[in-house]
Each structure stands twice: as C-alpha cells, then as structure tokens.
Amino acid sequence: MSDMRGGKDPLPIAAQAVTASTKTIPMGVRLRRLRAWLRFIRIRFAKAVLLPELTGSEAQDLRQTVRKEGDLTSGYILMCALSAGIATLGMLQSSTAVVIGAMLISPLMNPIAALGFGFASLDGRRIREAVRVVAIGAAIGILTAVLLTWLSPIRNATPEILSRTQPTLLDLGIALFSGLAGGYATVIGKGGTAIGVAIATALMPPLAVLGYGLGVLQFEFALGAFLLFLTNLAAITFSFALIARLSGAARPLFRVEWQPRYVAVLAGAFIALAIPLSTTLVRITQEGAMLSAARTAIVEACGGRPARVTQIDVSWPLFGDPTVDALVISPTYSPNAEADAEKRLAEILDEKVDIHLQQIQATDIQSQTSAMIDAAMERTTAGIAADVPPYDKIRASIGLPTESIWINRAERRVYVEPVRAPEWTLFDYAQTELAANKVSDKWNVRVLPPPQAMLRVNIGDPGMPAAGTISPELAGWALLLWGMDKVVMEAPDSESTKAFIKGLAEKGITVFRRDPAADIDVRGRRDKEAQPIAVIRVYSISPSQAAKRAAAAAEAKKKAEAAKQAEAKP
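Residues numbered from 1 in each chain as written. Predicted model: local features only at pLDDT ≥ 70, side-chain atom pairs only at ≥ 80, totals over all residues. Heavy atoms only, no water.

Student: Run through the sheet that holds strand β5 (residues 413–418), naming residues and quoting values.
Tutor: An order of β4-β5-β6 is seen for the three strands of this open sheet, with the pairing classed as mixed. Looking at strand neighbours, the two that pair on one side only are β4 (402–408) and β6 (444–447), the edges of this open sheet. Strand-to-strand twist across the sheet, computed as the mean angle between neighbouring axes with direction ignored, equals 20°. Those strands touched by helix α15 (residues 391–398) are β4, β5 and β6, and its axis lies near 135° from that of β4. Where helix α16 (residues 426–438) meets the sheet, it contacts β5 and β6, and its direction lies at approximately 160° from that of β6. (Pairing = 2+ DSSP bridges. Helix = DSSP H or I, 4+ residues; strand = E, 2+ residues; numbered from the N terminus. Axes fitted to C-alpha atoms, helices over the stretch in contact; angles between N-to-C directions. Contact = heavy atoms within 4.5 Å.)

In structure tokens form, the structure reads like this:
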C-alpha cells in the first residue's frame with residue numbers, strides 16, 4: 001500500500017523519525033539516563049541483600065566518619081602494639097583463648113574500612129592515607145612480635161603458629177565474610193567490637209606469626225604469614241568496597257578526581273592487593289586439584305573401593321615439595337601403600353609429593369565408625385592429625401635401630417631412644433641428633449643416649465682433654481636428656497669447677513660437690529701436663545644400699561655411744 005502524498009510506506013518514515021530523534025539526544029542526557037539506570041539496578045540489588053539506601057548527605061557524613069576513624073592516632077598505635085603482643089604470647093603458648101583476646105581489640109578495623117571506601121570511591125588521596133595507616137599499624141605489630149619472641153624463653157612453633165603460615169580456602173572465606181560483615185555494620189551504623197573480632201581474626205595473628213618468623217629466623221614462616229596477611233587484607237578491603245558501592249555510601253563516580261598522581265596511587269594499591277589474592281587463589285586451586293588426585297591415588301594404593309579416606313590434608317609450602325597426610329580405614333592392610341600412592345600421584349600430577357599415610361584396619365561398619373570417631377577425637381584433642389613428624393626420615397638419619405620413639409606435640413619434639421651400640425660414645429649420639437634435626441625442620445629431635453653410671457668431664461683446657469673425658473657441654477646435654485635435675489660431683493675446689501657448676505645450674509641441674517675420693521682419679525695427664533676433671537655419678541644410691549648404709553651408720557653410732565658410756569664408768 002502506498003501513501004497518496006508520497007507513494008511511500010508510512011512505517012519506514014516513522015522509524016526514520018524515531019532514529020533521527022535518537023541521534024539528536026545530547027550526550028549529557030545520555031549520561032544522565034545511564035546513571036539513572038545504573039542507580040536503579042544498584043538500588044534493586046542493595047534491597048535484595050538487605051542494604052539500606054543512603055541519601056547524598058548521609059553518604060557524605062558516613063564517608064567523613066570512616067575517614068576520621070581511620071586516622072593515625074596515638075591510641076591506634078598503642079592498640080596495635082597491645083593486640084600484637086597478646087596474639088604473640090597466645091600463639092607461643094598455643095592458647096586459643098589468649099589469641100581470641102587479641103582479636104577483641106581489632107585495631108586494624110577502621111583504617112581497613114577507610115581503605116575499602118577509598119577503593120569504592122576511586123579516591124586516590126583517601127587510599128594513600130589509609131594505606132599509610134595500615135602499613136604503620138602492621139609494622140608496629142610485626143616489631144612487637146619480634147621483640148616478644150626474642151624475650152620469650154619459649155620459641156617453639158606451636159600449632160597456632162603453623163596454622164597461619166600459608167593461606168587456605170577457609171582463611172580466604174573468613175576474610176571475605178569478615179569484610180562483608182564489617183562493611184554492612186559500618187553502613188548501618190552498628191560497627192563495633194564484634195565485627196572487629198572477625199577482621200582481627202584474619203589480620204593480627206598473621207602479623208604476629210610474621211614477627212615470630214623473623215625473630216627465630218624462620219623466613220619460610222615469615223613469608224607464608226605475610227602472604228596470608230596480604231591475601232586477607234585484599235579480600236577484606238574489596239568486600240568493604242563492594243558494600244560501600246552497593247549501598248551508595250561511596251562517592252559518585254562522576255565526581256572522581258582523575259588526577260595522574262591519584263590514579264597512580266589507585267592503580268598501585270589495586271595491584272599490590274590483587275597480586276597476593278590472585279596468587280593465593282591459584283595455589284588454592286592447585287591444592288584442590290592435588291587433594292582430589294591424592295584421594296584417588298591413595299584409595300587405589302590401599303586396595304580400591306573398600307578403602308575409605310576419612311581425613312586428608314594437603315600442605316604446599318612456598319618453598320618446598322607438597323605433602324599429603326591422610327588417614328585410611330580399610331578391611332585389609334597394604335604394606336607398601338605410601339610408596340605406591342606417591343608413584344601414582346606423581347604420574348597424575350607430574351609433581352613430586354610426599355605422602356604420609358596412616359592405615360587403620362577395620363572390617364565391619366561398627367568398627368569403621370568407631371575408628372573414624374577415634375581419629376576425629378585425636379584431631380580435636382591432639383591438634384591437627386596431619387601434623388606428624390617425618391618418622392622414616394628421622395630413623396634413616398640416625399642409622400641405628402630404635403627401641404622407642406614418641407612425640408611431645410605441645411613442644412613439637414620427637415624423642416628417639418636408639419639401642420646401645422658398641423663403641424659408640426656420647427659424642428657420637430650427639431652428632432646423630434644434629435643429623436636428625438636437619439631432616440625435620442618443623443620438629444625438634446632429641447636422641448636419648450644410653451645412660452652411663454659415671455661421667456668424667458674435662459673442666460680444664462678444652463684444647464688438651466684428658467683421656468676418657470668429655471666436654472662440659474656434652475655432659476650437660478646428656479644429663480638433661482636423662483632427666484637428671486640433681487647430681488653428685490666429685491671435683492677439686494677450683495674456679496673451673498665453679499664455672500662448670502654454674503653452667504649446669506643454668507640448665508636447671510643442681511650439683512652437690514664433694515672433694516675427690518681417694519679411689520677416684522680426678523687428674524688426667526696429657527703431654528705430662530695435669531688437667532683437672534670432674535667425676536659425676538649419674539646413678540643415685542639404690543634404696544637397699546641407702547638402707548644398709550643408714551643401718552650401718554646407726555650401728556656405728558650405737559657402738560660409739562656404748563664405748564663412750566663404758567669409758568665413763570669408774
């Protein structure tokens with residue numbers, strides 16, 4: 001059908017008119033419409049997640065409040081030092097309750113909130129100020145932890161410390177939820193200590209572990225804790241920024257100051273936080289893939305489908321090979337399961353993995369359930385079940401059959417009692433202990449030498465030892481391992497003897513000195529020069545011998561009194 005006036009179809013003409021009108025819309029109007037649509041979408045999404053809609057004045061007041069609370073003050077510095085001190089001492093004694101006390105202070109909450117709001121507003125100036133405050137607080141926490149580690153007599157790597165040496169998926173989840181909770185509480189005006197607890201959970205303890213690692217020169221611990229700190233800081237900051245943007249608390253984007261220096265600060269801070277977060281996500285992804293592959297390899301190595309992996313943990317340090325610790329319950333025992341599982345896993349991942357496997361043999365459902373409960377209880381009461389010493393490597397480094405081996409989880413020590421070897425001296429056992437500690441970086445190995453009834457210690461010139469004597473350091477090492485807190489020593493009254501007694505006292509060993517007995521040679525000779533020695537009697541007198549001596553002394557006393565009375569008679 002044609003138009004009588006022009007002979008053209010009216011529909012194309014209308015379309016052309018609409019198109020022409022669209023082309024004539026000014027750019028400013030288009031931007032206003034775009035902002036209106038984005039604001040509409042943001043409001044709808046914010047209401048869906050129960051976020052309030054702030055007015056322009058409310059948002060501005062909130063931004064000012066967050067900025068002021070995130071300023072650097074003397075109170076903030078004090079709280080950072082106190083929180084780090086409590087966290088360090090709590091982790092050194094492996095006390096979860098004390099670590100929670102450090103979390104209650106939560107000094108890093110306010111500057112992190114300011115940093116998140118700065119990212120939400122793309123405000124380079126606010127980001128720079130917040131980064132400075134966070135960095136100062138973190139430095140104070142690290143220095144406090146280093147000083148307390150140096151001053152503390154206990155420097156053992158406790159489970160509380162080891163659990164914060166590398167980021168895990170659970171740590172990342174804690175940081176994300178902490179940031180979301182903190183941002184929500186800040187927006188609705190109810191941010192307080194309870195929210196700060198969650199934030200401090202993810203930040204202050206890793207800083208304390210970082211200071212501990214520097215204090216004991218365990219740089220692997222320090223780097224792992226630093227990566228965990230940066231990862232959690234990034235997750236919490238971005239969570240704050242998301243809440244601030246959705247609620248309208250952030251500054252509108254069309255008011256952003258696009259100055260080059262502020263843009264550079266924004267880009268630098270974003271890269272500094274995004275890199276550790278992405279690194280952690282990649283490592284967590286790799287650990288997840290290894291976890292699945294390790295479970296399959298272990299089940300196949302333990303006989304297939306009847307075997308059940310009830311507990312499995314993957315540890316992948318920043319520097320070193322990954323390790324897998326697993327507990328398997330199966331009807332039969334597989335003697336070479338560890339080696340077989342390592343071989344299968346290496347074929348799957350093309351990566352060397354150390355597998356520590358604990359097998360529990362259980363045939364029926366009831367016994368399997370009981371074994372699972374026992375394993376879970378052990379994990380709860382004794383710490384992480386996967387945290388076990390490398391027994392095979394320790395035995396191989398000692399080179400002697402072992403009569404017994406046991407561990408002290410609280411002090412992270414492994415005690416090994418080898419057999420009494422012919423021609424082995426205390427020095428040989430001490431050197432074996434050094435070799436065993438080189439293969440166990442997270443556990444302290446103590447080799448218990450076979451006890452001796454008597455020690456002859458050279459307390460003279462160390463460069464000219466008498467024949468058959470040992471050094472004072474070696475004597476103190478052996479006495480401590482034998483559990484001797486009191487000993488009797490026969491030695492001359494000299495300055496070297498006093499120095500030796502003082503050294504043993506510093507180790508907690510009380511010495512009762514006696515003058516040398518006539519039948520004890522306390523002089524050694526080398527090159528015709530006499531060297532003083534001390535004779536320590538390790539074995540105390542037996543109860544029967546003590547009773548005989550007491551009876552003999554009583555009898556002698558009785559006879560002496562009788563003789564005295566006989567002499568007194570006329």
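Student: I'd like to hear about the nonpolar core, residue by residue, with values.
Tutor: Formed by 62 residues in total, the largest nonpolar core has its most connected members in Leu108 and Ile112. Broken down by element, this core gets its largest block of residues, 13 residues, from helix α11 (residues 219–247). Dropping the residues within four chain positions of it, Leu108 is found in contact with Tyr76, Cys80, Leu203, Met204 and Leu207. One finds Tyr429, Trp482, Phe500 and Val538 within the second-largest nonpolar core, a separate group that totals 37 residues. (Core = buried A, V, L, I, M, F, W, Y, C linked by side-chain atoms within 4.5 Å. Buried < 20%, exposed > 50% of the residue type's maximum accessible area, 1.4 Å probe, protein only.)

Student: So, the packing of α15 against α16: which residues are in play, and what are the values?
Tutor: Contact geometry for α15 and α16: axes closest at 8 Å, N-to-C directions at 145°. The handedness of the crossing between α15 and α16 is right-handed. Facing Ile394, Ser397 and Ile398 of α15, the residues of α16 in contact are Thr432, Ala435 and Ala436. When grouped by side-chain class, the residues that make up the contact of α15 with α16 number four nonpolar, two polar and no charged. (Left-handed = near helix turned anticlockwise from the far one by under 90°. Nonpolar A, V, L, I, M, F, W, Y, C, P; charged D, E, K, R; others polar.)

Student: Can you break down helix α6 (residues 109–120) residue by residue, with the values?
Tutor: An ideal rise of 1.5 Å per residue puts 16 Å on 12 residues; α6 measures up with 17 Å between its terminal C-alpha atoms. Of all 12 residues in α6, 11 are buried; the element is thus mostly enclosed. When we look at burial in α6, the residues that qualify are Met109, Pro111, Ile112, Ala113, Ala114, Leu115, Gly116, Phe117, Gly118, Phe119 and Ala120. (Expected span 1.5 Å × (residues − 1).)

Student: Let's hear about the environment of Leu104: which residues, and what values?
Tutor: Among the structural elements, Leu104 can be located in helix α5 (residues 96–105). With 21 residues separating them along the chain, Leu104 and Ser83 place their C-alpha atoms 8.3 Å apart.

Student: Report on the packing of helix α4 (residues 74–92) against helix α7 (residues 124–151), specifying residues and quantitative values.
Tutor: Helix-helix packing is described using two parameters, namely the angle between the two axes and the distance between the axes. Running from N to C, α4 and α7 point in directions that differ by 40°, and their axes come no closer than 8 Å. Relative to α7, the element α4 is oriented oblique. Crossing of α4 over α7 shows right-handed handedness. Residue-level inspection shows Tyr76, Ile77, Cys80, Ala81, Ala84, Gly85, Thr88 and Leu89 of α4 in contact with α7, the latter providing Val133, Val134, Gly137, Ile140, Gly141, Thr144, Ala145, Leu148 and Thr149. Considering only residue class, the contact of α4 with α7 consists of 11 nonpolar, six polar and no charged. (Parallel < 35°, antiparallel > 145°, perpendicular 65-115°, else oblique.)

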